[in-house]
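Structural characterization, general
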Amino acid sequence: MEDLSCCPVLCRLTPLLLLIQLLTGGSLEEFSVLGPSDPIVAVLGGDAVLSCRVFPAMNAEDMELRWFRSKFSEAVFIYQNREEQSEQQMGCYAGRASLVRDLLSQGEAAILIRQVQVSDNGLYTCFFRKGDFHKEASLELKLAGVGSAPEMRITGPEEDGVRVLCTVSGWFPKPQVQWRDGSGEKFLAFSDHTQDAEGLFSVEAALVVRDRSVGNVTCSVLNPVLGQEKAMAIFIPEPFFPQASPWKVAFLVSLTVLMLLVLGAGCYIRREHSIKLREMEEKRHLWQAKEEARQTKEKALQDKAELQAQLNWRKDVYLAGWKKAQLYADWRTEKFQPQPVTLDPGSAASSLVVTHEKTSVTRKNTGVNPGDMDSVLGFEDISSGRWYWEVEIKDGDGCEWALGVCRKDVKREGWCKECPEKGFWLVGKYSDKYFVHTAQYTELSLRQFLHRVGVFLDHEEGDVSFYNMTDGSHIFSFTGVSFSGALCPYFKLRAGDVSLTICSKVGGSEGLPVPLNDSCLEGPVSLPGEEISSGSGADAPPGAESPLLPCNPEAVSP
């Protein structure tokens with residue numbers, strides 16, 4: 001049974017733990033279950049006591065107690081309603097497992113398993129239940145059995161030596177077998193382990209002794225759990241060793257000399273061959289270096305010409321777009337289709353009011369602290385294609401809101417972290433600052449307040465981008481996303497006098513979002529030394545910060 005020497009320490013800690021529970025609002029009915037930290041060792045055929053206790057100590061006579069193996073249904077013993085329950089007990093423990101009742105009043109539950117078997121070896125779980133509260137702890141039962149003493153015999157000459165055999169049976173777990181000579185030196189030998197129907201191990205170890213002066217040889221068998229060892233020694237007389245033939249000795253000497261001559265000739269031939277291969281390899285490396293230098297020079301000239309042409313093209317496109325911004329709005333509407341978004345009143349939180357036209361949502365002035373999921377979804381499911389919609393925002397100081405897209409099957413009850421890992425791709429305003437909803441909210445540095453935001457969704461490319469439709473500046477982009485399933489437009493009003501309205505005429509703003517994730521032939525590319533940041537304003541001078549996004553999707557995110 002487990003050593004209870006730690007009880008005085010636990011008794012001194014009990015008042016402190018009870019005070020902590022009262023201060024934190026915990027219930028005195030709650031408890032924890034403690035099991036032994038070390039495995040319980042028992043001998044095969046004997047008895048084993050599996051014990052655990054509740055902390056703080058309390059009377060466990062009215063609790064439900066259960067010991068089980070790997071599954072809750074694999075019951076070793078069940079105590080409920082002050083009686084032992086045998087209906088769900090495993091058949092192999094019937095009549096062998098019983099409860100030690102004397103310790104229940106002290107909060108300790110222990111069962112006695114009689115005549116333990118190999119199948120009883122392993123992990124157990126001790127389960128306590130009081131009302132709706134329950135706890136459990138794990139403990140390990142290690143079984144060990146010492147079998148027969150080693151039996152040794154000489155089986156005859158073998159490989160210029162004498163073969164000795166050592167056999168044992170009835171051991172558990174698998175024993176360790178070691179051979180030693182008369183002076184205690186260890187031998188390396190082969191051992192074959194087998195297991196019978198009852199799970200007990202038998203070992204047959206063989207050793208070939210070639211040294212005539214060894215004399216006594218000892219075979220020892222050790223139980224690794226109990227540390228108990230049994231050994232047996234045998235004396236090998238010198239006449240048992242085979243006699244060496246003089247012709248055999250001469251043959252071995254001749255064979256050794258011949259092998260040395262063959263080895264020397266092989267080393268010489270291999271060295272000459274290695275020298276030739278090294279010379280050929282040096283010539284090949286020299287030719288390869290010259291060829292690589294020529295290709296590098298040609299590629300450098302080609303890259304220089306392409307870079308210059310690309311720079312000239314980008315400047316021409318940028319200047320033309322700066323003077324005729326409406327061309328970019330037309331290009332955008334050709335690449336992305338306007339999505340007619342309507343709000344789903346059935347998905348709206350109780351604190352939100354959706355207009356009769358289902359295009360605008362506001363907060364009720366209830367005077368109650370805002371909830372974590374005061375949101376509403378759009379009716380539309382988006383599972384493919386390129387779509388965009390625009391949202392007009394009316395807010396003031398202290399207002400908090402968010403908008404974007406989410407997976408249709410996301411969890412919206414209770415508290416939930418709204419981030420891409422949970423199926424949300426959003427931007428919003430909190431504490432009069434603008435943020436991106438990531439695992440750790442990222443603050444945005446915008447030059448203007450957001451009054452009209454465009455949401456651009458490319459389902460195939462895995463891209464969600466946000467633009468300030470007042471000046472056409474880029475706010476933020478989620479790129480490289482692997483959407484699984486349909487997406488829905490998402491709107492959240494968390495605090496303040498704020499309203500979100502879906503614009504009836506998408507694309508009617510004066511702003512100009514720029515091309516998203518298209519081929520480099522239809523949009524500019526970023527050059528070395530140039531930087532594109534989120535939230536760039538439309539009033540930026542040409543050449544300082546280009547409003548054209550690069551083709552590389554990784555360069556879109558701030």
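The chain goes by Butyrophilin-like protein 1 in an unreviewed UniProt entry, where it is assigned to Sus scrofa. UniProt, in its Subcellular location (unreviewed entry) section for the chain, records the words "Membrane". According to its UniProt record, the chain has this under Sequence similarities (unreviewed entry): "Belongs to the immunoglobulin superfamily. BTN/MOG family."

Once that is clear, we can look at the overall build of the chain. Looking only at helices and strands, the chain features 3 helices and 32 strands. In the chain, which comprises 558 residues, the share counted as buried stands at 39%. Taking the intrachain contacts of the chain between residues at least 6 apart in sequence as the baseline, contacts between residues at least 24 apart amount to 66%. Put simply, the chain shows about 31400 Å² of open surface, and 54% of that area lies on carbon and sulfur atoms.

This next bit is on the state of the cysteines. For the structure on display, the rule yields 2 disulfides. Across the disulfide from Cys 52 sits Cys 126; the S-S distance is 1.8 Å. Here Cys 52 is found in strand E3 (residues 48-55), whereas its partner Cys 126 is found in strand E9 (residues 122-130), with 74 residues between them in sequence. The same class applies to Cys 52 and to Cys 126, which are both buried. When the bonded cysteines of the chain are counted from the start of the sequence, the pairing works out to 1-2, 3-4.

Looking now at the confidence of the model for the chain. Averaged over all residues, the pLDDT of the chain is 79; the fraction at 70 or higher stands at 78%. Segment residues 1-11 is flagged for pLDDT under 50; beyond a separation of four residues in sequence, or across chains, it makes 14 contacts in the model. Here residues 20-28 is modelled with pLDDT under 50, and outside its nearest four sequence neighbours on either side it reaches 7 contacts, counting other chains as well.

Another aspect to go through is the pattern of salt bridges. Evaluated as defined, the whole model comprises 17 salt bridges. Between Arg 82 and Glu 61 there is a salt bridge; the shortest N-O distance is 3.5 Å. Of this pair, Arg 82 sits in the loop between strand E5 (75-80) and strand E6 (83-85) while Glu 61 sits in the loop between E3 and strand E4 (64-68), and the two are 21 residues apart along the sequence. As a salt-bridge pair, Lys 299 and Asp 303 come within 2.9 Å of each other at their nearest N and O atoms. Here Asp 303 and Lys 299 lie together in helix H2 (residues 246-323), a separation of 4 residues that amounts to about one turn. When salt bridges with common partners are traced through the structure, they connect Glu 61, Asp 62 and Arg 82 into a single cluster.

Let us now look at the packing of aromatic side chains. Overall, the coordinates contain 14 aromatic pairs when judged by the stated rule. Residues Phe 31 and Phe 133 carry aromatic rings whose centres are separated by 5.0 Å and whose planes lie at 80° to one another, so their mutual orientation is edge-to-face. Of this pair, Phe 31 sits in the loop between helix H1 (7-23) and strand E1 (32-34) while Phe 133 sits in strand E10 (residues 133-144), and the two are 102 residues apart along the sequence. For the pair Tyr 388 and Phe 456, a centre-to-centre distance of 5.1 Å together with 5° between the ring planes defines the contact as stacked. On the criterion of sequence distance, the pair formed by Tyr 388 in strand E23 (residues 386-394) and Phe 456 in strand E28 (residues 452-458) is long-range, its members being 68 residues apart. For Tyr 388, a relative accessible area of 1% gives the class buried. Exposure remark for Phe 456: the relative accessible area of 1% places this residue in the buried category. Ring pairs connect the aromatic residues Phe 336, Tyr 388, Phe 456 and Tyr 467, which therefore count as one cluster. Residue placement shows Arg 69 over the ring face of Tyr 124; its charged tip is 4.3 Å from the ring centre. In this structure, Arg 386 packs its charged tip against the face of Phe 336, placed 5.7 Å from the ring centre.

This brings us to the sheet that holds strand E8 (residues 108-113). The strand order E1-E3-E8-E7 describes an open sheet built from 4 strands, whose pairing is antiparallel. Looking at the sheet topology across the chains shown, the edges are occupied by E1 and strand E7 (97-99). Between one strand axis and the next, the sheet turns by 25° as a mean value, whatever way the strands run. Pairing between E1 and E3: 3 bridges, direction antiparallel. Residue pairing for E3: Val 33 is matched across the bridge by Val 54.

Time to look at the pairing of E23. Looking at chain direction, strand E19 (residues 337-338) and E23 are connected through 2 bridges and run parallel. Pairing of Gln 337 across the sheet is with Trp 387, part of E23. Taken together, the 7 bridges between E23 and E28 define a ladder with antiparallel strand orientation. By the bridge assignment for E28, Tyr 388 is matched with Phe 456. In this structure, E23 lies alongside strand E32 (residues 499-502), joined through 4 bridges in antiparallel fashion. Bridged to Ile 393 within E32 is Leu 500.

Turning next to the sheet that holds E4. Spatial strand order, E2-E10-E9-E4-E5-E6: 6 strands in an open sheet with mixed pairing. This sheet does not close on itself; its edge strands, each paired only once, are strand E2 (40-43) and E6. Between one strand axis and the next, the sheet turns through 25° on average, direction left out of account. Sheet topology places E4 next to E5; 4 bridges connect them, and they run antiparallel. Across the sheet, Phe 68 pairs through a bridge with Ala 75, a residue of E5.

As for its position among the elements, Asn 223 is in the loop between strand E17 (216-222) and strand E18 (229-235). On the accessibility criterion, Asn 223 (0% relative accessible area) is buried. Taking C-alpha positions, Asn 223 is 7.7 Å from Gly 145, a pair spaced 78 residues apart along the chain. Apart from residues no more than four positions distant in its own chain, Asn 223 is found in contact with Ala 144, Gly 145, Val 146, Trp 171, Phe 172, Pro 173 and Gln 228. Of the polar contacts made by the side chain of Asn 223, one reaches the backbone oxygen of Gly 145; its length is 3.1 Å. Polar side-chain contacts of Asn 223 include one of 2.9 Å to the backbone nitrogen of Val 225.

Each value, and the rule that gives it
Residues numbered from 1 in each chain as written. Predicted model: local features only at pLDDT ≥ 70, side-chain atom pairs only at ≥ 80, totals over all residues. Heavy atoms only, no water. UniProt positions renumbered as here; feature names shortened; annotations may be inferred. Helix = DSSP H or I, 4+ residues; strand = E, 2+ residues; numbered from the N terminus. Buried < 20%, exposed > 50% of the residue type's maximum accessible area, 1.4 Å probe, protein only. Contact = heavy atoms within 4.5 Å. Areas by Shrake-Rupley, 256 points an atom, 1.4 Å probe, with all protein chains shown as cover. Disulfide = S-S within 2.5 Å. pLDDT = per-residue confidence, 0-100. Salt bridge = Lys/Arg side-chain N within 4 Å of Asp/Glu carboxyl O. Phe/Tyr/Trp six-rings, centres within 6.5 Å; stacked < 30°, edge-to-face > 60°. Lys NZ or Arg CZ within 6 Å of the ring centre and 35° of its normal. Pairing = 2+ DSSP bridges. Axes fitted to C-alpha atoms, helices over the stretch in contact; angles between N-to-C directions. Polar contact = N/O pair within 3.5 Å; in protein donor to acceptor, adjacent residues only side chain to side chain.

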